[in-house]
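Residues per chain, in single letters:
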Amino acid sequence: MVTAHVTNVLTGLEAQRQGLEELYRDLHAHPELPHQETRTAGLVAKRLRESGCEVHEGVGGTGVVGVLRNGDGPTVLMRADMDALPVKEETGLPYASTATATDETGAEVPVMHACGHDVHVTSLLGAVALHAAALDDWNGTLVAVFQPAEERADGADAMVQGGIVDLVERPDVAFAQHVLAMPTGTVGTRVGPVLSAADSMRITLFGRGGHGSMPHATVDPVVLAAMIVVRLQTVVSREVAPTAPAVLTVGSLHAGTKSNIIADRAVIELNVRSYDDSTRTRIVDAIRRIVIAECEASGSPKQPEFELYDRYPLTDNDAGVTERLAAAFADHFGAAAGELPLQSASEDFSRLPDAWGIPYSYWGLGGIDAEKYRLAEEADRVDQDIPANHSPTFAPVIQPTLDTGVTALVVAGMAWLGA
Ligand code: ZN
Ligand code: ZN
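The shown structure was predicted, so the numbers you read here are calculated from the model rather than taken from an experiment.

Counting its secondary structure elements, the protein chain contains 13 helices and 18 strands. Taken over the C-alpha trace, the protein chain has a radius of gyration of 24 Å; the compact-globule value for 419 residues is 22 Å, and the two agree within 12%. Across its three principal directions, the C-alpha atoms of the protein chain cover 80 × 50 × 45 Å. Looking at the protein chain as a whole, 52% of its 419 residues are labelled buried.

Structural data, given as structure tokens:
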């Protein structure tokens, strides 16, 4: 049942709506790359102060934490990510980004909120403002975390290293949401694993270089790398249980400079996705075993080198928290609340709750025009016709996406704070 307290907190939305839409268009037109979110962080800190929060800036670089204290009661953490992507926007929207920035390699790149983190920032600021305007309807502490660099997999960890655990009291529960290519107005929850763990690995293989006409005097790393790439295809198909979803993709393979020179090394870069720690360990171990054995088989003169990078943890929703959340969503949203399918994408959000050892739940928020989505679904063309996150044409409709994003956070928060 929807409590009077939730309804009271949400009455403020009407007055907030126009300002939130303006903020969203402004954030969308001014996206910032990971760890460069200074303008966004400044706007966030200003709004948090206006809501009466205690504000901590510069947590792990550009991270911002707002704490809204309202007497004794539970502490609820909500997190929004702030960063954008090096994508050239092609949405044609009146508020489309034309921004460029210098990336970490020194290259000038276009920047776009192609993953919808502007929706998350706006929604969380809206939810904080609504809670701040209805202090008689809840008790406890709301902790709003604005995280840098989700897309680089190291923003949540930067905030942990930046001391967030010592800045605020230990929360009872943590939440995050992500706008996805599902119909606007809907929310989706899932118990247990919801987003994959991801690992990227760079493997350097060593051969012995020489003349292309004299292969007998060399160890050819191109042949060695080719054997490894083929053999790695058996890891998921032959070593992982068919009931455990997993992906192993070799996305990059570099060796050599010229047709008649045998190179002295090759570099393979691959990406692994998995949904439980034992599968993850099994795959990473299998990769090492195969690479080392193939190097031996080829007579490689030096041990291969392995480097893990861009590692995302598994996002594994707590059952008790998610069931309580799903019940609150069902009460408020009715049929617009459902189950989120297992996602192959990854997130670093869970590093925040894991730093305290607290339970969490991460849910999906629809961002696509409902009629457009229905037509694509009818034609069995959702994958082709609905631009997904990271696409240059990814364009969440502003409403009711923002209203739903704000409301979902309020309903989730009040399921703990309004009890
Ligand atoms: Zn993304
Ligand atoms: Zn994202």
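Inspection of the entire model under this criterion finds 21 salt bridges. The salt bridge involving Arg 49 is made with Glu 57; its shortest N-O contact spans 2.8 Å. Since its relative accessible area comes to 47%, Arg 49 is described here as partly exposed. Salt-bridge contacts for Asp 199 lead to Arg 311; the nearest nitrogen and oxygen are separated by 2.8 Å.

In the first shell of the zinc ion (ligand 1), the protein supplies Cys 115 (SG), Glu 151 (OE), Glu 151 (OE) and His 390 (NE2), at 2.0 to 2.8 Å from the metal. Its four donor atoms give the zinc ion (ligand 1) angles of 51 to 150 degrees at the centre, a pattern that matches the irregular case. Counting residues between consecutive donors of the zinc ion (ligand 1) along the chain gives the motif C-x35-E-x238-H. A gap of 3.0 Å separates the zinc ion (ligand 1) and the zinc ion (ligand 2), which Cys 115 links by coordinating each metal. With Cys 115 in the loop between strand 5 (108–110) and helix 4 (117–132) and Glu 151 in the loop between strand 6 (140–147) and helix 5 (155–161), the pair connects residues that are 36 residues apart, well separated along the chain. Glu 151 matches Cys 115 in its accessibility class, with the two residues each being buried.

This paragraph deals with the domain arrangement of the protein chain. Where interface size is given, it is often the accessible area lost as the parts come together that is meant. What the domain assignment reports for the protein chain is domain 1 (2–194 + 314–417) and domain 2 (197–311). Between domain 1 and domain 2, the C-alpha centre-to-centre distance is 37 Å. Taken together, the contact pairs ten residues of domain 1 with nine residues of domain 2. Counting the surface lost from both domain 1 and domain 2, the interface buries some 730 Å², and carbon and sulfur atoms represent 52% of this. At the junction of domain 1 with domain 2, the criterion picks out zero salt bridges. On inspection of domain 1 and its partner domain 2, the count reaches five residue pairs in polar contact (both at pLDDT 80 or more). Here the side of domain 1 that touches domain 2 is composed, by residue class, of five nonpolar, three polar and two charged.

Right, let's talk about the sheet that holds strand 10 (residues 197–206) for a bit. Read across the open sheet, the four strands follow the order 12-14-10-15; overall the sheet is antiparallel. In this open sheet, the two strands that pair with only one neighbour each are strand 12 (246–255) and strand 15 (305–312). The average angle at which neighbouring strand axes cross in this sheet is 15 degrees, direction not considered. Strand direction decides the pairing type here: strand 10 and strand 15, joined by six bridges, are antiparallel. Bridge pairing links Ile 203 to Phe 306 in strand 15. On top of the sheet, helix 7 (residues 221–239) reaches strand 10, strand 12 and strand 14 (265–274); it is set at about 175 degrees to strand 12, its chief contact. Set on the sheet, helix 8 (residues 277–298) makes contact with strand 10, strand 12, strand 14 and strand 15; between it and strand 10 the angle comes to about 10 degrees.

Right, let's get into the packing of helix 2 (residues 13–29) against helix 13 (residues 401–417). Interaxial distance between helix 2 and helix 13 falls to 10 Å at its minimum, and their mutual angle equals 115 degrees. The handedness of the crossing between helix 2 and helix 13 is right-handed. Taking contact as the criterion, the partners of Leu 13, Arg 17, Leu 20, Glu 21 and Tyr 24 in helix 2 are, on helix 13, Leu 402, Asp 403, Val 406 and Thr 407. Along the lines of polarity and charge, the residues of the contact of helix 2 with helix 13 split into five nonpolar, one polar and three charged.

The eight strands are arranged 1-2-6-3-7-18-8-17 in an open sheet whose pairing can be described as mixed. The outermost strands of the open sheet, each flanked by one partner alone, are strand 1 (54–59) and strand 17 (337–339). For this sheet, the mean angle separating the axes of adjacent strands, direction not counted, is 25 degrees. Relative to strand 6, strand 3 (residues 75–81) is paired through seven bridges, and the arrangement is parallel. Residue pairing for strand 6: Ala 80 is matched across the bridge by Phe 146.

All right, on to unusual backbone geometry then. With omega at 5 degrees, the peptide bond leading from Gln 399 into Pro 400 counts as cis. Note on placement: Pro 400 falls in the loop between helix 12 (382–385) and helix 13. Its identity is not glycine, yet Asp 310 carries a phi of approximately 45 degrees, on the positive side. Among the secondary structure elements, Asp 310 is positioned in strand 15.

Procedures and definitions
- The residue numbers shown here count from 1 along each chain, following its written sequence.
- Written order determines the labels here, with chains lettered from A and ligands numbered from 1.
- Per-residue local features of the predicted model are confined to residues with pLDDT of at least 70, and side-chain atom pairs are confined, for both listing and counting, to 80 or more; whole-chain, interface and lining totals are unaffected and use all residues.
- Excluding hydrogens and water, the side-chain values take into account all heavy atoms of the structure.
- Elements are defined by DSSP. Helices are runs of H or I of four residues or more, strands are runs of E of two residues or more, and each kind is numbered from the N terminus.
- The globule rule is 2.2 Å times the number of residues to the power 0.38, and the radius of gyration it is compared with is taken over C-alpha atoms.
- Relative accessibility under 20% of the residue-type maximum defines a buried residue, over 50% an exposed one, and the middle range a partly exposed one, all with a 1.4 Å probe and only protein chains included.
- A pairing counts as a salt bridge when a side-chain nitrogen of Lys or Arg comes within 4 Å of a carboxyl oxygen of Asp or Glu.
- Each metal's donors are the N, O and S atoms found within 2.8 Å of it, except that Na, K and Ca use a 3.2 Å limit; water is left out, so coordination can look incomplete.
- The rule is simple: four donors are tetrahedral if all their angles sit between 85 and 135 degrees, four are square planar and six octahedral if opposite donors span more than 155 degrees and the others lie between 65 and 115, and anything that fits none of that is irregular.
- In this document the domain limits rely on a domain assignment from an automatic tool or a database.
- It only takes one pair of heavy atoms within 4.5 Å for two residues to be counted as in contact.
- By convention, the term buried area covers the 1.4 Å-probe accessible surface removed from two parts as they join, with the contributions of both added.
- Counted as a polar contact is a pair of N or O atoms within 3.5 Å, where, for protein atoms, one must be capable of donating a hydrogen and the other of accepting one, and residues adjacent in sequence contribute only when both atoms are in side chains.
- Three classes are used, and their members are as follows: Ala, Val, Leu, Ile, Met, Phe, Trp, Tyr, Cys and Pro are nonpolar, Asp, Glu, Lys and Arg are charged, and the others, Gly among them, are polar.
- Strand pairing is assigned whenever DSSP identifies at least 2 bridges connecting the two strands.
- Only the stretch in contact is used when a helix axis is fitted, and all axes are lines through C-alpha atoms; the angle between N-to-C directions ranges over 0 to 180 degrees.
- Here is the rule for handedness: rotate from the far helix to the near one, and if that takes an anticlockwise turn smaller than a right angle the crossing is left-handed, while a clockwise turn gives right-handed.

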